[in-house]
Amino acid sequence: MQQRRDEIIAKRAKLAELKRQRELRQREFSASRQSIDATELVQPTPSRADSRRELESIISALVGESRPGSTAPGSPAGGKGSRPTSVISAGQLSSDNAEISSPTSNTPAPPVGAIQRLSIGPLTTVYETLSSPKPEILTYSKGIQTSEPWSPPKQRSFGSDSEGDESPTRAKTPRAAKRLSRRERERDEELRQNLRREIEEELKTLQQLGSDNMATASISQQSFPARTLTNEELNAVTSSEDFLDFVERSSKVIERALEQEYDILADYALGGMNGLDDDDDGYGTTGTKKGRRIKEIAQFWDERWSKKRMISDLGFSTKFPELVLASYTKNPSAPHDPDGLIQVWNLHMHDRPEYMFHAQSDILTAKFSPFHPNLIIGGAYSGQVLLWDTRAKSAPVQKTPLTGSGHTHPVYSLDIVGTQNANNIISCSTDGVVCGWTVDMLSQPQEYLELANPPPAKTEDMAPTCIAFPHADPTYFLAGTEEGAIYPCHRYDRAGAKAGVDARLAYRGHAAPVMSLDFHPARGMLDLGDLVLSASVDWSVKLWKVRPPAAAA
Amino acid sequence: MTQNAPDETLSLLTRLSQKPGVQSTLVLSRETGAIVRTSGLISNSSSVNPNSTLPAALDNAPEGYSNGRKEGGIHSAEDVARMVWSFINAAGSLVEGLDREDEVKLLRLRTKKNELVIVPDSKFLLVVIHDTPPA
């Protein structure tokens, strides 16, 4: 009993001494606050665990009554459990510190009040000074997870080209770049040294042999095996975006090159006798009887997309005279293909369109914008006016709304009027609505005009199927209707006329819907800008001379 | 999209190689001359076989062209690749020698029997050998 009390006193003294030393250290290190290195927590040492068990046994021997106190470290340890273990882990360096620090974690345990000291922040800094294990813990780096993806071992034995092989292919796939681990860097170093050695050897052989032919032969022999890529590299290369872009561009170039009918090396003196045998001309004796025939020089047809689609509109590009666009309606036997299609053909490439654009509903009219070399504007059966950009992908970049503010009937005709800086898209649909839009914002019409049949008519509904603007005047246009009459219309209210159909005049000549109108371009010495061609379903094309808009009927 | 890319390139290259008059096509890497895709030419090593865009043609090749392989009829893909690569390097050094900032955009080599069209890019080369028109 006495012995036991002595023991207890001795141990209490020891613990008090340790507590004092701990407080000393706390004051020293409270100034320096460093973050806890998480890795340190992960690595408790078994030796410390032993001593901890020893200490716990001491404590339990000491303080049998305050058993609940001894479990208390469990609860703060539950919340701040990292600290005791980190104290222990930091303590691994010097046994003295460890022995001091580990009991210190336990000293608050017996008295219930001291448990709260565990919550004091400075306790965490006790082990910060012992943070020299940091350089050791670097073995925990992230890169080691993956196996070696990139350079298969057989590549290493190759000559100077193998390095060149690896670097372009590596650069081509971002996946490979992420997997660079230290092991790979080491291998890179090895490879570079190998290559340096080999290049030196090559140079030596060059000097020894002393003739270009031999050198090139040896180099080519050395690098010949490196020509073939392994399957993984091959897949990586061919799946890259670069490769796809390259193939698209260069295959177009080659198709254009293959297309030529004119042989630039032709020697007319040599081949002169054969020229007379050409029989597809029609200019020979048989030709004169029938008159000159139209000769077909090209047919544009794409295997995949052009089948069974009707061509609804054709247009040439104002900027590139060899580009012609064709707009198509839907393919009834391919319901999953997009209904509307626009293909831009190059006159020099007959079976592959330069560009292809699609839309969700049949496209009834399309043209290149004369003021923007990259834009194509089209009208759809759904009533939408669509805008495509040749620099963008094949979907429309802008669409007009399908709500009441736009068109709700098919847009059969549109035109772009104005000047380079101030231009509008004017579109007309079969319910008589004519809308004006700006190219920047197709979400809302700038103008909205309803055309109605002028009074001496059975119904007020007018169904314009085509409109045309004179080249000089963007405020006045002609509208051809389904009945066959052509009416002049004004865009805006003026002194002489209201906006809409000009009731004083109508050009009635056709007996069936007028499908197309075109004004004479106002170029050259003579101003023929008042001549209009109209084409109609009644198999006739008529030429009109229209009255100027300001004149009264 | 990445899955479409190889299919699209495959279909484009196949179309090209199936055009009338085209004898062979070849896609090489610009830096090394390594063969990326080839069609119409036979290659001796088995690892190059998967490169071919027309595996059926390759199957027939050993039967039909094995005699011609070394006799100058049909060349192996490696030979052609190597020769084209050194040729375009020489052309590139010529152009750079004439004008430092210039680069080769297109090479067309017309021979008596056929024409070689080479389209270089910063990273790849597309080479097409086709028959000259009879005129």
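Details of the structure are given in the entry above.
Residues numbered from 1 in each chain as written. Chains lettered and ligands numbered in written order. Predicted model: local features only at pLDDT ≥ 70, side-chain atom pairs only at ≥ 80, totals over all residues. Heavy atoms only, no water.

Asker: Can you tell me about the sheet that holds strand E19 (residues 531-536) of chain A, naming the residues and giving the values?
Answerer: Residue and element names in this part refer to chain A. As summarised here, the arrangement of the three strands in space is E18-E19-E20, forming an open sheet in which the pairing is antiparallel. Looking along the sheet, the strands with just one partner apiece sit at the ends: strand E18 (514-519) and strand E20 (541-545). For this sheet the average axis-to-axis angle between neighbouring strands, irrespective of direction, equals 20 degrees. Pairing of E18 with E19, which is carried by five bridges, proceeds in the antiparallel orientation. Residue pairing in the sheet places Asp-518 in a bridge with Leu-533 of E19. (Pairing = 2+ DSSP bridges. Helix = DSSP H or I, 4+ residues; strand = E, 2+ residues; numbered from the N terminus. Axes fitted to C-alpha atoms, helices over the stretch in contact; angles between N-to-C directions.)

Asker: Tell me about the sheet that holds strand E8 (residues 398-399) of chain A, and name the residues and values.
Answerer: Residues and elements named next belong to chain A. In space, the four strands of this open sheet follow the order E5-E6-E7-E8, with antiparallel pairing throughout. Of all the strands in the sheet, the pair left with one neighbour each is strand E5 (363-368) and E8. By the bridge criterion, two bridges tie strand E7 (residues 385-389) to E8 in an arrangement that is antiparallel. The residue of E8 that forms the bridge with Leu-387 is Gln-398.

Asker: Please set out the pattern of salt bridges residue by residue, giving values where relevant.
Answerer: The final tally for this structure, using the stated rule, is 19 salt bridges over all chains. The salt bridge involving A:Glu255 is made with A:Arg352; its shortest N-O contact spans 3.4 Å. Taken as a pair, A:Glu255 in helix H13 (residues 241-258) and A:Arg352 in the loop between strand E3 (340-346) and strand E4 (355-359) lie far apart in primary sequence, 97 residues in all. For A:Glu255, a relative accessible area of 0% gives the class buried. Look at the salt bridges and you will find they share partners, linking A:Glu255, A:Asp302, A:Asp351, A:Arg352, B:Arg15 and B:Lys19 into a network. (Salt bridge = Lys/Arg side-chain N within 4 Å of Asp/Glu carboxyl O. Buried < 20%, exposed > 50% of the residue type's maximum accessible area, 1.4 Å probe, protein only.)

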